[in-house]
Amino acid sequence: MKLRVAVIYGGRSGEHEVSLRSARAILDAMDPAKYEKIEYLIDREGKWSPRPILPEPGAQPEIDVAFPVLHGTFGEDGTVQGLLELAALPYVGAGVLASAVSMDKEMMKRVCKERMLPIVDYVVLSRERLDPRACAGLPFPVFVKPANLGSSVGISKARNQPELEAALALAAQYDRKIIVERGIAGRELECSVLGNEAPAASLPCEILPSREFYDYEDKYLLDRAQTQVPADLPAERTEEIRRLAVECYRAVECEGMARVDFLLEAATGRLYINEINTIPGFTSISMYPKMWEHSGLAFGELIDRLIALALDRDRKKKATRFTR
Ligand SMILES: Nc1ncnc2c1ncn2[C@@H]1O[C@H](COP(=O)(O)OP(=O)(O)O)[C@@H](O)[C@H]1O
Ligand SMILES: [Mg+2]
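Residues numbered from 1 in each chain as written. Chains lettered and ligands numbered in written order. Predicted model: local features only at pLDDT ≥ 70, side-chain atom pairs only at ≥ 80, totals over all residues. Heavy atoms only, no water.

Draft legend 1. Layout of unusual backbone geometry. Here S49 and P50 are connected by a cis peptide whose omega angle stands at 5 degrees. Mapped onto the elements, P50 comes out in the loop between β3 (48–49) and β4 (65–69). Positive phi is not limited to glycine here, since F74 has a value of about 60 degrees. The topology assignment puts F74 in the loop between β4 and α2 (79–86). Its identity is not glycine, yet A88 carries a phi of approximately 60 degrees, on the positive side. By the element assignment, A88 lies in the loop between α2 and α3 (96–103). (Helix = DSSP H or I, 4+ residues; strand = E, 2+ residues; numbered from the N terminus.)

Right, here's the structure in full:
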């Protein structure tokens, strides 16, 4: 019997297009001898085809396991994971809590802070109280971000007060919560993590943006940013990144997979965790699978592992009682 895998992709987020490419790469890499592939496409308006997944246990007898390949809002943030929990379907990747915490740049930092993991200084503002004086303690340049988004959308680097005010107004269009961070001049590094109770980290890679920072143009349009896998780093630094990536993953209680992104400050040599992505880009050239490939795990095997992890978690969850 083949395992019947529902790949859910597209979605309402700004990363709809990337999701189509990630899903294509995953579907192509799934061994047809092992898997029966069922596609669920969510369009930009949120309409599912051929049909939605219903939130009732047993309503989808044709699905053994779901694989959400949705980046960003309404897919990576715990919403679709909540639907799959209600439907009692096993699914690939982080659960509801880890998805939501990882999506929110403030909550993620609060959780890291509690574990004494290195994060940059930041302040939080709300759209309703958008007072730039709250940022007085942060030296310029600062990075201004909507708390819950991705793909660098709504993010600006501000070098002075007028730029800060414009950046706050822009970010406030994308979220009611805005985070302002101390800008770090240095290198950008990423690390893939895979696993449930015993997460493992890949070799890290480096992103070399072609612009002022790794913005939307650089990520998706210009095709000029360079990447290096594995990153050219001293062995101790590589180990520090891998250790912190796993610690961050554990701190947010992630399962399945995540890519943890870092900033390495040139002037001080200090390493900071920037963010954790629970459904990282998964195209054939994306960093998450690429880092695993360089660490000895091929794309197809990575898919097998992720599906096995989803089923394993589901088996363990079944031992939980929900009533007296
Ligand atoms: N504190 C910071 N210091 C320096 N660069 C930053 C900082 N925060 C973000 N950046 C730059 O902005 C990019 C996008 O920010 P990030 O927090 O990763 O948001 P997203 O979730 O949209 O990817 C990063 O890849 C990096 O180039
Ligand atoms: Mg990022």
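Once the structure has been displayed, the description carries forward.
Draft legend 2. Examining the site of ligand 1 more closely. Close to ligand 1 lie 18 residues, the nearest being K105, K145, S152, E188 and K219. A distance of 2.5 Å separates an oxygen atom of ligand 1 from a polar backbone atom of S152. One of the side-chain nitrogen or oxygen atoms of E181 is found 3.0 Å away from a nitrogen atom of ligand 1. Considering ligand 1 on its own, with 540 Å² of exposed area, one finds that the protein chains cover 96% of that surface. (Near = heavy atom within 4 Å. Polar contact = N/O pair within 3.5 Å; in protein donor to acceptor, adjacent residues only side chain to side chain. Areas by Shrake-Rupley, 256 points an atom, 1.4 Å probe, with all protein chains shown as cover.)

Draft legend 3. Structural context of the sheet that holds strand β5 (residues 122–126). Across the sheet, four strands lie side by side as β5-β8-β6-β7; this open sheet has antiparallel pairing. The open sheet terminates on both sides in strands that have one partner only, identified here as β5 and β7 (156–158). Strand-to-strand twist in this sheet, taken as the mean axis angle between neighbours without regard to direction, amounts to 25 degrees. The pairing of strand β6 (residues 142–146) with β7 spans three bridges and is classified as antiparallel. Along β7, the bridge assignment pairs V144 with S156. Taken strand by strand, helix α5 (residues 161–172) contacts β5, β6, β7 and β8 (177–182), and its axis lies near 15 degrees from that of β6. (Pairing = 2+ DSSP bridges. Axes fitted to C-alpha atoms, helices over the stretch in contact; angles between N-to-C directions. Contact = heavy atoms within 4.5 Å.)

Draft legend 4. Seen up close, the sheet that holds strand β2 (residues 35–42). A sheet is described by the order of its strands in space; here four strands give the open sequence β3-β2-β1-β4, paired in mixed fashion. In this open sheet, the two edge strands, each paired with only one partner strand, are β3 and β4. Note that strand β1 (residues 3–10) and β2 share eight bridges and pair parallel. Following the sheet pairing, Y9 is matched in β2 by L41. The strands that α2 touches are β1, β3 and β4; relative to β4, the one it contacts most, it runs at about 170 degrees. Together, β1, β2 and β4 form the strand contacts of helix α9 (residues 299–317), whose direction differs from that of β4 by roughly 125 degrees.

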